[in-house]
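Remarks on the overall topology
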Amino acid sequence: MAPKSCALCKKARAMLKRPKTGQQICRDCFFFVFETEVHNTITEAKLFSPGDRVAIGASGGKDSTVLAHVMKTLNERYNYRLELFLLSIDEGITGYRDDSLETVKRNQQQYDMPLKILSYDELYGWTMDAIVEQIGRKNNCTFCGVFRRQALDRGANMLGVDHIVTGHNADDIAETVLMNIMRGDIARLGRCTSIVTQGEDTIRRSKPFKYAYEKEIVMYAYFKKLDYFSTECIYSPDAYRGHARAFLKDLEAARPSAIIDIVHSGEAFEVREEVKATQKLQQTCQRCGYMSSNTLCKACTLLEGLERGMADAGITDRARKRLEAEGPAPENLRTIPFFRPTTTPGSAASTVEVAI
Amino acid sequence: MSSPTPPTIRLQIEFSGGLELLFSHTRKHTVNLPSTVPNSTRPADASYLILYLRDNLLKERPELFEEKGTVKPGILVLINDTDWELEGEGEYELKDGDEIVFISTLHGG
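Residues numbered from 1 in each chain as written. Chains lettered and ligands numbered in written order. Predicted model: local features only at pLDDT ≥ 70, side-chain atom pairs only at ≥ 80, totals over all residues. Heavy atoms only, no water.

Focus: the sheet that holds strand E3 (residues 53–57) of chain A
Residues and elements named next belong to chain A. Within the open sheet, the six strands sit side by side as E5-E4-E3-E6-E8-E7. Their pairing is mixed. Taken across any chain shown, the strands that pair with only one partner, and hence form the sheet edges, are strand E5 (115–119) and strand E7 (196–197). Note that strand E4 (residues 83–90) and E5 share five bridges and pair parallel. Paired with aspartate 90 across the two strands is serine 119, which belongs to E5. Strand contacts of helix H3 (residues 97–111): E4 and E5, with the helix running at about 165° to E4, the strand carrying the most contacts. (Pairing = 2+ DSSP bridges. Helix = DSSP H or I, 4+ residues; strand = E, 2+ residues; numbered from the N terminus. Contact = heavy atoms within 4.5 Å. Axes fitted to C-alpha atoms, helices over the stretch in contact; angles between N-to-C directions.)

Following this line, the structure appears as structure tokens:
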């Protein structure tokens, strides 16, 4: 086949077909349009204000590595005046997270950003290795997901940042839309496409890659020769997401715009007021002070189950009742340190130990 | 009387994004591929390469690499650093010295 020239600059040789538009473009034009689209996403949603302290949730994987690179590039190019940090959660998974954290440590050097690593062990007294040893490989993703969400908020609070950005891309969001439809989870369906989420006292979270295709993120990393880590979590079956993902990839192969179309469909859903009214009000966890929809937050419930040797207490109602029947939590139960949100951004920063 | 060895083309193959785990945990391979598809006159193309790699180089879980005669959806292919979607995908006729990269996008970010 004769080489085609780039649809944008008309000069260089096209090296990539954009899944979103079908355009055939060269490497330099690709870098420029990819970065510009992320910039447009950021400015249209007014994600940041000058002076914001922003933590990039960094796993060492492709999405967060590309996000760190693009955030740094855009912050300099458009003078956002953001203070950028890397925030990593160490779940304590030998042979997986310890290796990927090495990648994050290299990113810290490459991008010249301070790095904070917060471990499950430090926060909860349990590593995922220890949890899996106790509970086996069923439901371990529930523990990991609940613990990670709270750990990210707490890590951000320790850094004294205003905002966490994560590398969730258009494929991830389309997948989540499909999963919420298949589960009939209307409340989550209504909010899973929001670019920004913020609870009562939690830190703002956003997804600058909301409209970025995974294919383009991977191509960007490849062409820029970015250093990222790619191994599936050794404990992750996550079969349900796997099905949604395989289905989505089949749709994309037949019609590449399917991914962005599903994201747009998700955005267009409006949750009726009666449905919203059934959702629980947010409160604060009595035990650890983190936001919760019950008197105990999900992480405290899961942790209590682990500590009392009834790990499924946080998973099913029946097991929860069995735990309650055994009496109140013992006095000396290990708990999560009480959460005190930083009131003035930046005030906690001086006390943070930044990992080298 | 031994039959002459069929002519081959030499290719540089690279696996990344987690695919290397299926190929002896090794990212870079040199492959000598028959220059025509056996028992036919069809020149070796990218589709043939995928089946050849599955049958000769892959060590585990073939369903994570090949599906319905092509790569599993979600695997990106680059031919000499160009998206194979610009090169005719499976119909691309391989040349001696070509560099083919397979990247899985299916692993977490």
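Additional details are given in the paragraphs that follow.
Some words on a nonpolar patch on the surface
A surface patch of nonpolar side chains, about 380 Å² in accessible area, is lined by A:Ile181, A:Met182, A:Tyr240 and A:Phe269. Its place among the elements puts A:Ile181 in helix H7 (residues 170–183). (Patch = residues over 30% accessible without salt bridge, like charges linked within 9 Å, V, L, I, M, F, W, Y side chains within 5 Å. Areas by Shrake-Rupley, 256 points an atom, 1.4 Å probe, with all protein chains shown as cover. Salt bridge = Lys/Arg side-chain N within 4 Å of Asp/Glu carboxyl O.)

Looking at the pattern of salt bridges
What the rule picks out here adds up to 37 salt bridges over all chains. The closest approach of N and O atoms between A:Glu324 and A:Arg320, which form a salt bridge, is 3.0 Å. On the criterion of helical spacing, the pair formed by A:Glu324 and A:Arg320 is a turn pair, its members being four residues apart in helix H14 (residues 317–325). Among the ionic pairs, B:Glu66 bridges to B:Arg54, the shortest N-O distance being 3.1 Å. Highlighted residues: B:Glu66 in strand E3 (residues 66–67) and B:Arg54 in helix H1 (residues 46–56), separated in sequence by 12 residues. What you see here is one network of salt bridges that share partners, running through A:Lys62, A:Asp63, A:Asp171, A:Asp172, A:Glu175, A:Glu214, A:Arg245, A:Lys249 and A:Glu252.

Brief notes about the pairing of E3(A)
Residue and element names in this part refer to chain A. The element E3 is largely enclosed, with a buried count of five among its five residues. Alternating positions in E3 separate into two faces, Arg53, Ala55 and Gly57 on one and Val54 and Ile56 on the other, with burial throughout. Of the pairings in the sheet, the one linking E3 to E4 comprises five bridges and is parallel in character. Across the sheet, arginine 53 pairs through a bridge with glutamate 83, a residue of E4. Regarding topology, helix H2 (residues 62–77) serves as the crossover connection from E3 to the parallel E4, and that connection is right-handed. (Buried < 20%, exposed > 50% of the residue type's maximum accessible area, 1.4 Å probe, protein only. Right-handed = clockwise from strand over helix to strand, strands pointing away.)

Overview of the UniProt feature "domain: Cytoplasmic tRNA 2-thiolation protein 1 C-terminal" (unreviewed entry) in chain A
In the numbering used here, UniProt assigns the "domain: Cytoplasmic tRNA 2-thiolation protein 1 C-terminal" (unreviewed entry) feature to residues 283–312 of chain A. As annotated, residues 283–312 of chain A comprises 33% helix and 13% strand, and the C-alpha atoms at either end are separated by 23 Å. (UniProt positions renumbered as here; feature names shortened; annotations may be inferred.)

Overview of the sheet that holds strand E7 (residues 99–104) of chain B
What the five strands build is an open sheet, ordered E2-E1-E7-E5-E6 (chain B); its pairing is mixed. Two strands close off the open sheet at either side, each with one partner strand: strand E2 (28–34) and strand E6 (82–83) of chain B. Strand direction decides the pairing type here: strand E1 (residues 8–16) of chain B and E2(B), joined by seven bridges, are antiparallel. Each bridged residue has a counterpart across the sheet, and for B:Arg10 the counterpart in E2(B) is B:Asn32. Along the sheet, helix H9 (residues 214–224) of chain A makes contact with strand E5 (75–79), E6 and E7 of chain B, crossing E5(B) at roughly 40°. Here H1(B) sits on the sheet in contact with E1, E2 and E7 of chain B, set at roughly 115° to E2(B).

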